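Remarks on the overall topology
This is what each chain is made of:
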Amino acid sequence: MKHKLTFFTFLFIWQAIAVCAQDNRQPIDSVLPVRGLAIAAPSVKQMDLFLKFIEEELAPAHFNLLILRVDWNYAYECHPELRDPDPLTQSDVKKLVSTCRKHGIQLAPQINLLGHQSWAETTYALLREYPQFDETPHVDTKNYTGWPNPDALYCKSYCPLHPDVHKIVFALVDELTDVFETKLFHAGMDEVFYIGDDKCPRCSGRDKAELYAGEVTKIQNHLAEKGKRLMIWGDRLIDGKTTGMGMWEASMNNTYRAIDMIPKEVFICDWHYERPDQTAVYFAMKGFDVATCPWRKPEIASTQLEDMLRFRKNATPEMQKRYQGIIATVWSGADNFLKNYYDPELNSKTESDALTLKKLMKEYKEL
(Lines give C-alpha, C1' and ligand atoms only; values in the text may rest on other atoms or scores of the structure.)
Protein backbone atom coordinates (compact mmCIF):
# COMPACT_ATOMS: atom_id res chain seq x y z
CA MET A 1 0.00 0.00 0.00
CA LYS A 2 2.86 2.32 0.80
CA HIS A 3 4.35 1.83 -2.67
CA LYS A 4 0.97 2.38 -4.33
CA LEU A 5 0.46 5.65 -2.47
CA THR A 6 3.92 6.81 -3.52
CA PHE A 7 3.24 5.89 -7.12
CA PHE A 8 -0.16 7.60 -7.26
CA THR A 9 1.21 10.63 -5.45
CA PHE A 10 3.99 10.85 -8.02
CA LEU A 11 1.50 10.43 -10.85
CA PHE A 12 -0.72 13.19 -9.47
CA ILE A 13 2.21 15.59 -9.08
CA TRP A 14 3.50 14.81 -12.58
CA GLN A 15 0.06 15.46 -14.09
CA ALA A 16 -0.27 18.70 -12.15
CA ILE A 17 3.09 19.90 -13.43
CA ALA A 18 2.12 18.99 -16.98
CA VAL A 19 -1.17 20.86 -16.73
CA CYS A 20 0.53 23.93 -15.28
CA ALA A 21 3.12 23.91 -18.05
CA GLN A 22 0.37 23.65 -20.63
CA ASP A 23 -1.56 26.51 -19.03
CA ASN A 24 1.54 28.74 -19.13
CA ARG A 25 2.18 28.06 -22.81
CA GLN A 26 0.81 30.99 -24.80
CA PRO A 27 -0.80 30.44 -28.21
CA ILE A 28 0.89 32.32 -31.03
CA ASP A 29 -2.09 34.69 -31.39
CA SER A 30 -1.36 36.19 -28.00
CA VAL A 31 2.37 36.43 -28.74
CA LEU A 32 2.05 37.88 -32.26
CA PRO A 33 -1.54 38.66 -33.29
CA VAL A 34 -0.83 39.49 -36.96
CA ARG A 35 1.29 37.26 -39.18
CA GLY A 36 0.72 38.50 -42.67
CA LEU A 37 1.87 38.48 -46.26
CA ALA A 38 1.31 41.34 -48.73
CA ILE A 39 1.61 40.20 -52.33
CA ALA A 40 0.06 40.83 -55.75
CA ALA A 41 -3.00 38.77 -56.58
CA PRO A 42 -2.09 35.83 -58.83
CA SER A 43 -2.99 35.53 -62.48
CA VAL A 44 -5.84 33.27 -63.53
CA LYS A 45 -3.26 30.80 -64.90
CA GLN A 46 -1.48 30.45 -61.56
CA MET A 47 -4.52 30.45 -59.28
CA ASP A 48 -4.32 26.72 -58.53
CA LEU A 49 -0.63 26.97 -57.57
CA PHE A 50 -1.36 30.01 -55.41
CA LEU A 51 -4.11 28.12 -53.59
CA LYS A 52 -1.67 25.23 -53.05
CA PHE A 53 0.82 27.75 -51.63
CA ILE A 54 -1.78 28.98 -49.15
CA GLU A 55 -2.78 25.43 -48.16
CA GLU A 56 0.68 23.90 -47.87
CA GLU A 57 2.92 26.82 -46.94
CA LEU A 58 1.14 29.80 -45.37
CA ALA A 59 -1.41 27.90 -43.30
CA PRO A 60 1.01 25.42 -41.65
CA ALA A 61 3.29 28.35 -40.79
CA HIS A 62 0.43 30.06 -38.89
CA PHE A 63 -0.10 33.01 -41.25
CA ASN A 64 -3.44 34.67 -40.57
CA LEU A 65 -3.53 37.68 -42.92
CA LEU A 66 -3.17 37.88 -46.70
CA ILE A 67 -3.09 41.32 -48.33
CA LEU A 68 -3.63 40.94 -52.07
CA ARG A 69 -2.77 43.78 -54.45
CA VAL A 70 -5.64 43.44 -56.87
CA ASP A 71 -5.70 46.90 -58.44
CA TRP A 72 -7.18 46.27 -61.92
CA ASN A 73 -6.78 42.48 -61.91
CA TYR A 74 -10.46 41.85 -61.26
CA ALA A 75 -13.50 41.72 -63.55
CA TYR A 76 -15.25 44.72 -61.99
CA GLU A 77 -18.95 44.94 -62.74
CA CYS A 78 -19.32 48.54 -61.58
CA HIS A 79 -16.58 49.81 -63.91
CA PRO A 80 -15.66 47.15 -66.49
CA GLU A 81 -13.62 49.72 -68.40
CA LEU A 82 -11.00 49.52 -65.63
CA ARG A 83 -10.36 45.78 -65.90
CA ASP A 84 -6.98 44.39 -66.87
CA PRO A 85 -6.95 41.88 -69.74
CA ASP A 86 -7.82 38.38 -68.47
CA PRO A 87 -8.64 39.49 -64.90
CA LEU A 88 -9.65 37.35 -61.96
CA THR A 89 -13.35 36.54 -61.94
CA GLN A 90 -15.77 36.33 -59.04
CA SER A 91 -15.39 32.55 -59.18
CA ASP A 92 -11.60 32.87 -58.83
CA VAL A 93 -11.95 35.16 -55.83
CA LYS A 94 -14.40 32.83 -54.14
CA LYS A 95 -11.78 30.06 -54.33
CA LEU A 96 -9.39 32.35 -52.47
CA VAL A 97 -12.06 33.23 -49.93
CA SER A 98 -12.93 29.58 -49.31
CA THR A 99 -9.32 28.46 -48.91
CA CYS A 100 -8.40 31.31 -46.59
CA ARG A 101 -11.52 30.89 -44.46
CA LYS A 102 -10.75 27.19 -44.09
CA HIS A 103 -7.39 28.08 -42.54
CA GLY A 104 -8.39 31.15 -40.54
CA ILE A 105 -6.59 33.57 -42.85
CA GLN A 106 -8.15 37.01 -43.17
CA LEU A 107 -8.12 38.61 -46.61
CA ALA A 108 -7.48 42.30 -47.33
CA PRO A 109 -7.74 43.24 -51.01
CA GLN A 110 -5.75 46.27 -52.11
CA ILE A 111 -6.24 48.97 -54.72
CA ASN A 112 -3.54 51.62 -54.81
CA LEU A 113 -5.35 54.87 -54.08
CA LEU A 114 -4.06 58.42 -54.43
CA GLY A 115 -0.52 57.51 -55.56
CA HIS A 116 0.89 54.71 -57.73
CA GLN A 117 -1.44 55.48 -60.63
CA SER A 118 1.41 54.84 -63.07
CA TRP A 119 4.72 53.02 -63.32
CA ALA A 120 7.56 54.16 -65.58
CA GLU A 121 6.03 54.88 -69.02
CA THR A 122 2.72 53.17 -68.23
CA THR A 123 -0.32 55.05 -66.97
CA TYR A 124 -2.68 52.70 -65.13
CA ALA A 125 -6.36 52.19 -65.76
CA LEU A 126 -7.90 54.91 -63.57
CA LEU A 127 -6.00 57.83 -65.11
CA ARG A 128 -5.95 56.24 -68.53
CA GLU A 129 -9.75 56.04 -68.61
CA TYR A 130 -10.36 59.20 -66.58
CA PRO A 131 -7.49 61.59 -67.40
CA GLN A 132 -9.41 64.44 -65.76
CA PHE A 133 -8.51 62.92 -62.37
CA ASP A 134 -4.76 63.38 -62.98
CA GLU A 135 -3.03 65.61 -60.41
CA THR A 136 -0.29 66.44 -62.95
CA PRO A 137 -1.76 66.21 -66.48
CA HIS A 138 1.14 68.33 -67.76
CA VAL A 139 3.53 65.45 -66.99
CA ASP A 140 3.46 62.75 -69.69
CA THR A 141 4.49 59.27 -68.52
CA LYS A 142 5.65 58.50 -72.05
CA ASN A 143 8.56 60.86 -71.40
CA TYR A 144 9.72 58.95 -68.32
CA THR A 145 13.51 58.53 -68.43
CA GLY A 146 14.16 56.77 -65.13
CA TRP A 147 14.71 58.26 -61.71
CA PRO A 148 15.60 61.05 -61.10
CA ASN A 149 14.13 63.05 -63.96
CA PRO A 150 13.27 66.73 -64.67
CA ASP A 151 9.56 66.16 -63.94
CA ALA A 152 10.26 64.46 -60.58
CA LEU A 153 8.04 61.67 -61.93
CA TYR A 154 8.03 58.46 -59.93
CA CYS A 155 4.34 57.51 -60.00
CA LYS A 156 1.28 59.53 -60.94
CA SER A 157 -1.39 60.51 -58.40
CA TYR A 158 -5.04 61.29 -58.78
CA CYS A 159 -6.31 64.61 -57.51
CA PRO A 160 -7.96 64.02 -54.11
CA LEU A 161 -10.12 67.13 -54.55
CA HIS A 162 -11.60 66.24 -57.93
CA PRO A 163 -15.37 66.21 -57.36
CA ASP A 164 -15.97 62.96 -59.27
CA VAL A 165 -13.04 60.74 -58.33
CA HIS A 166 -14.51 59.15 -55.20
CA LYS A 167 -17.73 58.13 -56.87
CA ILE A 168 -15.68 55.77 -59.00
CA VAL A 169 -13.03 54.82 -56.43
CA PHE A 170 -15.53 53.93 -53.72
CA ALA A 171 -17.62 51.84 -56.11
CA LEU A 172 -14.49 49.77 -56.80
CA VAL A 173 -13.63 49.49 -53.10
CA ASP A 174 -17.14 48.38 -52.20
CA GLU A 175 -17.33 45.79 -54.95
CA LEU A 176 -13.92 44.34 -54.09
CA THR A 177 -14.46 44.13 -50.32
CA ASP A 178 -17.88 42.57 -50.90
CA VAL A 179 -16.62 39.86 -53.25
CA PHE A 180 -13.71 39.12 -50.90
CA GLU A 181 -16.19 38.99 -47.99
CA THR A 182 -13.85 41.01 -45.80
CA LYS A 183 -13.88 43.89 -43.34
CA LEU A 184 -10.35 44.99 -44.30
CA PHE A 185 -9.22 47.06 -47.27
CA HIS A 186 -5.68 48.20 -48.08
CA ALA A 187 -5.38 51.48 -49.99
CA GLY A 188 -1.61 51.56 -50.43
CA MET A 189 -1.02 55.36 -50.29
CA ASP A 190 2.76 54.99 -50.09
CA GLU A 191 5.41 57.04 -51.92
CA VAL A 192 3.01 59.85 -52.82
CA PHE A 193 5.29 62.47 -54.38
CA TYR A 194 2.68 64.25 -56.50
CA ILE A 195 0.25 65.95 -54.13
CA GLY A 196 -0.85 69.58 -53.92
CA ASP A 197 0.82 70.34 -57.25
CA ASP A 198 1.31 74.02 -58.02
CA LYS A 199 -0.44 73.63 -61.38
CA CYS A 200 -3.48 71.77 -60.06
CA PRO A 201 -6.50 74.11 -60.16
CA ARG A 202 -7.95 72.50 -57.02
CA CYS A 203 -4.87 71.61 -54.92
CA SER A 204 -2.44 74.42 -55.67
CA GLY A 205 -1.35 76.22 -52.50
CA ARG A 206 -3.01 73.69 -50.21
CA ASP A 207 -1.24 72.14 -47.23
CA LYS A 208 0.05 68.75 -48.40
CA ALA A 209 -0.45 67.22 -44.95
CA GLU A 210 -4.08 68.33 -44.93
CA LEU A 211 -4.61 66.98 -48.45
CA TYR A 212 -3.13 63.61 -47.54
CA ALA A 213 -5.00 63.42 -44.24
CA GLY A 214 -8.21 64.41 -45.97
CA GLU A 215 -7.93 61.53 -48.42
CA VAL A 216 -7.06 58.96 -45.73
CA THR A 217 -9.96 60.19 -43.58
CA LYS A 218 -12.42 60.14 -46.47
CA ILE A 219 -11.55 56.53 -47.33
CA GLN A 220 -11.62 55.37 -43.70
CA ASN A 221 -14.95 57.09 -43.08
CA HIS A 222 -16.46 55.48 -46.16
CA LEU A 223 -15.30 52.05 -45.04
CA ALA A 224 -16.45 52.65 -41.45
CA GLU A 225 -20.00 53.28 -42.68
CA LYS A 226 -20.01 49.66 -43.84
CA GLY A 227 -18.27 48.26 -40.76
CA LYS A 228 -14.92 47.99 -42.55
CA ARG A 229 -11.42 49.21 -41.82
CA LEU A 230 -8.61 50.88 -43.75
CA MET A 231 -4.99 49.74 -43.92
CA ILE A 232 -2.22 51.92 -45.43
CA TRP A 233 1.56 51.96 -45.70
CA GLY A 234 3.09 54.26 -43.10
CA ASP A 235 5.91 56.01 -44.94
CA ARG A 236 4.05 59.27 -45.70
CA LEU A 237 3.45 59.75 -41.97
CA ILE A 238 7.14 59.79 -40.98
CA ASP A 239 9.29 62.93 -41.07
CA GLY A 240 12.04 62.04 -43.53
CA LYS A 241 14.30 64.95 -42.62
CA THR A 242 14.21 64.69 -38.82
CA THR A 243 14.64 60.91 -38.87
CA GLY A 244 17.16 60.87 -41.70
CA MET A 245 15.06 58.25 -43.48
CA GLY A 246 14.67 60.34 -46.62
CA MET A 247 12.00 60.50 -49.29
CA TRP A 248 11.25 56.80 -49.80
CA GLU A 249 10.66 55.24 -46.39
CA ALA A 250 9.51 58.61 -45.05
CA SER A 251 8.18 61.95 -46.30
CA MET A 252 10.16 64.96 -47.50
CA ASN A 253 7.12 66.89 -48.76
CA ASN A 254 5.53 67.56 -45.37
CA THR A 255 2.75 64.97 -45.48
CA TYR A 256 4.10 63.52 -42.21
CA ARG A 257 2.07 65.99 -40.16
CA ALA A 258 -1.05 64.16 -41.32
CA ILE A 259 -0.41 61.60 -38.58
CA ASP A 260 -2.17 63.93 -36.14
CA MET A 261 -5.14 64.47 -38.49
CA ILE A 262 -6.28 60.97 -39.46
CA PRO A 263 -8.59 58.54 -37.62
CA LYS A 264 -6.94 56.23 -35.11
CA GLU A 265 -8.86 53.30 -36.63
CA VAL A 266 -6.47 53.24 -39.59
CA PHE A 267 -4.11 50.27 -39.47
CA ILE A 268 -0.50 51.22 -40.26
CA CYS A 269 1.79 48.90 -42.25
CA ASP A 270 5.23 50.22 -41.34
CA TRP A 271 7.75 49.13 -43.98
CA HIS A 272 11.53 49.29 -43.65
CA TYR A 273 13.74 47.21 -45.90
CA GLU A 274 17.36 48.28 -45.46
CA ARG A 275 17.46 48.78 -41.66
CA PRO A 276 15.20 47.55 -38.87
CA ASP A 277 14.09 51.08 -37.98
CA GLN A 278 11.82 50.98 -34.94
CA THR A 279 9.15 53.42 -36.05
CA ALA A 280 6.44 51.00 -34.91
CA VAL A 281 6.96 52.60 -31.51
CA TYR A 282 6.17 56.01 -33.00
CA PHE A 283 2.92 54.82 -34.56
CA ALA A 284 1.86 52.97 -31.41
CA MET A 285 2.54 56.05 -29.28
CA LYS A 286 0.34 58.04 -31.66
CA GLY A 287 -2.47 55.58 -30.95
CA PHE A 288 -2.41 53.40 -34.09
CA ASP A 289 -2.37 49.66 -34.54
CA VAL A 290 0.83 48.87 -36.42
CA ALA A 291 2.63 45.95 -38.04
CA THR A 292 6.27 46.00 -39.14
CA CYS A 293 6.81 45.03 -42.77
CA PRO A 294 10.06 43.44 -44.02
CA TRP A 295 10.98 42.52 -47.59
CA ARG A 296 13.96 40.77 -49.11
CA LYS A 297 16.58 40.65 -46.33
CA PRO A 298 15.97 37.65 -44.04
CA GLU A 299 18.26 38.81 -41.23
CA ILE A 300 16.59 42.20 -41.04
CA ALA A 301 13.20 40.47 -40.96
CA SER A 302 14.38 38.37 -38.02
CA THR A 303 15.49 41.48 -36.16
CA GLN A 304 12.15 43.14 -36.88
CA LEU A 305 10.33 40.10 -35.52
CA GLU A 306 12.49 40.14 -32.38
CA ASP A 307 11.79 43.84 -31.95
CA MET A 308 8.04 43.36 -32.30
CA LEU A 309 8.03 40.54 -29.75
CA ARG A 310 10.10 42.69 -27.39
CA PHE A 311 7.80 45.69 -27.85
CA ARG A 312 4.79 43.56 -26.95
CA LYS A 313 6.50 41.95 -23.99
CA ASN A 314 7.77 45.17 -22.40
CA ALA A 315 4.94 47.59 -23.21
CA THR A 316 2.06 48.81 -21.09
CA PRO A 317 -1.26 47.06 -21.77
CA GLU A 318 -2.41 50.14 -23.70
CA MET A 319 0.64 50.06 -25.98
CA GLN A 320 0.95 46.29 -26.19
CA LYS A 321 -2.31 45.83 -28.06
CA ARG A 322 -1.19 48.31 -30.74
CA TYR A 323 1.91 46.29 -31.65
CA GLN A 324 0.10 43.90 -33.93
CA GLY A 325 2.81 41.87 -35.62
CA ILE A 326 4.68 41.33 -38.88
CA ILE A 327 3.55 41.57 -42.52
CA ALA A 328 6.09 40.28 -45.05
CA THR A 329 6.02 42.01 -48.43
CA VAL A 330 6.56 40.77 -51.98
CA TRP A 331 6.96 43.29 -54.82
CA SER A 332 7.30 41.02 -57.81
CA GLY A 333 4.19 39.59 -59.37
CA ALA A 334 2.71 36.62 -57.53
CA ASP A 335 3.47 34.32 -60.47
CA ASN A 336 7.14 35.22 -60.46
CA PHE A 337 7.28 34.90 -56.67
CA LEU A 338 5.83 31.39 -56.81
CA LYS A 339 8.44 30.41 -59.38
CA ASN A 340 11.20 31.67 -57.08
CA TYR A 341 9.66 30.18 -53.94
CA TYR A 342 9.62 26.68 -55.40
CA ASP A 343 13.03 27.03 -57.08
CA PRO A 344 15.36 24.30 -55.73
CA GLU A 345 18.26 26.77 -56.03
CA LEU A 346 16.62 29.28 -53.68
CA ASN A 347 18.72 28.37 -50.65
CA SER A 348 21.92 29.21 -52.52
CA LYS A 349 20.91 32.88 -52.45
CA THR A 350 21.39 35.33 -49.57
CA GLU A 351 18.57 37.77 -50.27
CA SER A 352 15.07 37.41 -51.69
CA ASP A 353 11.48 37.89 -50.61
CA ALA A 354 10.98 34.12 -50.78
CA LEU A 355 13.93 33.51 -48.44
CA THR A 356 12.59 36.12 -46.03
CA LEU A 357 9.19 34.46 -46.03
CA LYS A 358 10.67 31.02 -45.39
CA LYS A 359 12.72 32.37 -42.50
CA LEU A 360 9.63 33.93 -40.92
CA MET A 361 7.70 30.70 -41.45
CA LYS A 362 10.37 28.79 -39.53
CA GLU A 363 10.35 31.31 -36.68
CA TYR A 364 6.56 31.36 -36.45
CA LYS A 365 6.54 27.59 -36.11
CA GLU A 366 9.09 27.87 -33.33
CA LEU A 367 6.90 30.42 -31.55
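Reading guide: rules and limits
- Residues numbered from 1 in each chain as written.
- Predicted model: local features only at pLDDT ≥ 70, side-chain atom pairs only at ≥ 80, totals over all residues.
- Heavy atoms only, no water.
- Helix = DSSP H or I, 4+ residues; strand = E, 2+ residues; numbered from the N terminus.
- Rg over C-alpha atoms; globule rule 2.2 N^0.38 Å.
- Buried < 20%, exposed > 50% of the residue type's maximum accessible area, 1.4 Å probe, protein only.
- Contact = heavy atoms within 4.5 Å.
- Areas by Shrake-Rupley, 256 points an atom, 1.4 Å probe, with all protein chains shown as cover.
- Lys, Arg positive; Asp, Glu negative; His and termini not counted.
- Charge placed at Lys NZ, Arg CZ, Asp CG, Glu CD.
- Pairing = 2+ DSSP bridges.
- Axes fitted to C-alpha atoms, helices over the stretch in contact; angles between N-to-C directions.
- Expected span 1.5 Å × (residues − 1).
- Patch = residues over 30% accessible without salt bridge, like charges linked within 9 Å, V, L, I, M, F, W, Y side chains within 5 Å.
- Salt bridge = Lys/Arg side-chain N within 4 Å of Asp/Glu carboxyl O.
- Left-handed = near helix turned anticlockwise from the far one by under 90°.
- Phe/Tyr/Trp six-rings, centres within 6.5 Å; stacked < 30°, edge-to-face > 60°.
- Lys NZ or Arg CZ within 6 Å of the ring centre and 35° of its normal.

Regarding the overall build of the chain
Of regular secondary structure, the chain possesses 13 helices and ten strands. In summary, the chain has a C-alpha radius of gyration of 23 Å against a globular reference of 21 Å for 367 residues, a match within 12%. Dimensions of the chain along its principal axes, counting C-alpha atoms only, are 95 × 45 × 45 Å. The buried share among the 367 residues of the chain stands at 54%. Summarising the internal contacts of the chain: among those between residues at least 6 apart in sequence, 73% fall at separations of at least 24. When the accessible surface of the chain is split by element, carbon and sulfur atoms take 53% of a total near 17100 Å². Distance from the positive charge centre (44 side chains) to the negative charge centre (51 side chains) of the chain: 6 Å.

Concerning the sheet that holds strand β6 (residues 184–188)
Taken together, eight strands build a closed barrel; the order of strands is β1-β2-β3-β6-β7-β8-β9-β10 and the barrel is parallel. The sheet shows a mean angle of 25 degrees between the axes of neighbouring strands, taken without regard to direction. Pairing between strand β3 (residues 106–113) and β6: two bridges, direction parallel. In the strand pairing of β6, L113 is matched with G188. Running at roughly 170 degrees to strand β10 (residues 323–329), helix α10 (residues 298–314) makes contact with β9 (290–293) and β10 of the sheet. Against the sheet, helix α13 (residues 353–366) contacts β1 (34–40) and β10, and its axis sits at roughly 145 degrees relative to β10.

Overview of helix α4 (residues 90–102)
In an α-helix, one turn spans 3.6 residues; hence positions three or four apart end up facing the same way. Across its 13 residues, α4 extends 18 Å between first and last C-alpha, which sits within 8% of the 18 Å expected from 1.5 Å per residue. All buried positions along α4 are accounted for by D92, V93, L96, V97, T99 and C100. At its buried positions, α4 is contacted by α3 (47–58), β2 (65–69), β3 and α6 (165–179). The positive-phi residue at the C-terminal boundary of α4 is G104, with phi of around 70 degrees.

Quick look at a nonpolar patch on the surface
On the surface, W147, M247 and M252 cluster together into a nonpolar patch covering about 280 Å² of accessible area. Mapped onto the secondary structure, M247 falls in the loop between α8 (240–243) and β8 (267–271). M247 gets classed as partly exposed once you look at its relative accessible area, which sits at 31%.

Section: the environment of G244
Looking at the element boundaries, G244 is found in the loop between α8 and β8. The exposed category is assigned to G244, whose relative accessible area is 57%. Expressed as a C-alpha distance, the spacing of G244 and Y256, which sit twelve residues apart in the sequence, is 13 Å.

Examining the packing of α10 against α13
Where α10 contacts α13, the axes come no closer than 8 Å and their chain directions differ by 35 degrees. Note that α10 runs across α13; the crossing there is right-handed. From α10, P298, E299, A301, S302 and L305 reach across to α13, where they touch L355, T356, K359, L360, E363 and Y364.

Here's the deal with α10
Relative to the 24 Å expected for 17 residues at 1.5 Å per residue, α10 spans 24 Å between its end C-alpha atoms, a close match to the ideal helical length. Lining the buried residues of α10 we find α2 (28–31), α9 (280–285), β9, α11 (317–320), β10 and α13.

Quick notes on unusual backbone geometry
Of note, the bond from W147 into P148 is cis; its omega dihedral lies within 30 degrees of zero at -5 degrees. In this structure, P148 sits in the loop between α5 (125–129) and α6. One non-glycine residue, L114, adopts positive backbone phi at about 65 degrees. Phi angles above zero are rare outside glycine, and A152 is one such case at about 55 degrees. Considering the arrangement of structural elements, one finds A152 in the loop between α5 and α6.

Quick look at the packing of aromatic side chains
Considering all chains together, one arrives at 20 aromatic pairs under this definition. Between W147 and W248 the ring centres are 5.5 Å apart and the planes differ by 75 degrees, which places this aromatic pair in the edge-to-face class. Of this pair, W147 sits in the loop between α5 and α6 while W248 is found in the loop between α8 and β8, placing the two residues 101 residues apart along the sequence. Their ring planes at 70 degrees and their centres at 5.2 Å tell us that F193 and W248 sit as a pair that is edge-to-face. A residue pair is termed long-range when its members are at least 10 positions apart, and F193 in the loop between β6 and α7 (208–225) and W248 in the loop between α8 and β8 qualify at 55 residues. Through a chain of ring-to-ring contacts, three or more aromatic side chains come together here, namely F50, F53, F337, Y341 and Y342. Positioned above the aromatic ring of Y341 is the side chain of K358, whose terminal nitrogen or guanidinium carbon lies 4.5 Å from the ring centre.

In short, the description is geometric, and any link to function would need to be established separately.
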